[in-house]
Amino acid sequence: MSQACAEIHWLHGLLAKLGFPLSNPTPLHVDSTSGIHIFANPIFHECTKHIEVDCHFIREAFEGRIISLPRVSTNLEVADIFIEVLTRRQ
């Protein structure tokens, strides 16, 4: 998720330099409600020290209106197709 956020951040900067600044945040779809709470709430992440750097980076992008964090249902998550196939074979 932090890699996708970094790519979105870079694209915003590139488009701004080319004269096409984006006024709306880019949606970064998340299938985890707790993930959204961790990134949107500065107090909630105190119990999750191991993801602190990524958490701050994504929170800064969220507060700076570079990204938005809409929740997507796990059933609609396209990447889960690949993960579920791998876990069944193991």
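Relevant structure appears above.
Remember, it's a predicted structure, so these values are computed and weren't measured experimentally. (Residues numbered from 1 in each chain as written. Predicted model: local features only at pLDDT ≥ 70, side-chain atom pairs only at ≥ 80, totals over all residues. Heavy atoms only, no water.)

A. Broad picture of the overall build of the chain. When its secondary structure is counted, the chain shows four helices and two strands. Listing every helix and strand of the chain by position from the N terminus yields α-β-α-α-β-α. Residue burial in the chain is summarised as follows: out of 90 residues, 23% are buried. Of the contacts formed within the chain by residues at least 6 apart in sequence, a portion of 60% connects residues at least 24 apart. Total accessible area computed for the chain in this model is approximately 6,600 Å², and 62% of it derives from carbon and sulfur atoms. (Helix = DSSP H or I, 4+ residues; strand = E, 2+ residues; numbered from the N terminus. Buried < 20%, exposed > 50% of the residue type's maximum accessible area, 1.4 Å probe, protein only. Contact = heavy atoms within 4.5 Å. Areas by Shrake-Rupley, 256 points an atom, 1.4 Å probe, with all protein chains shown as cover.)

B. Summary view of the nonpolar core. In this structure, Cys5, Leu28, Phe39, Ile67 and Leu69 are the most contacted members of the largest nonpolar core, which totals 13 residues. Among the elements of the structure, α1 (2-17), α2 (33-40) and α3 (52-63) are those that each provide at least two residues to this core. (Core = buried A, V, L, I, M, F, W, Y, C linked by side-chain atoms within 4.5 Å.)

C. Spatial organisation of unusual backbone geometry. Phi at Arg65 is positive, roughly 60°, even though this residue is not glycine. Its place among the elements puts Arg65 in the loop between α3 and β2 (67-68).

D. Examining a nonpolar patch on the surface more closely. Residues Trp10, Leu11, Leu14, Leu18 and Phe20 make up a contiguous nonpolar surface patch of roughly 550 Å² in combined accessible area. Within the fold, Trp10 resides in helix α1. (Patch = residues over 30% accessible without salt bridge, like charges linked within 9 Å, V, L, I, M, F, W, Y side chains within 5 Å. Salt bridge = Lys/Arg side-chain N within 4 Å of Asp/Glu carboxyl O.)

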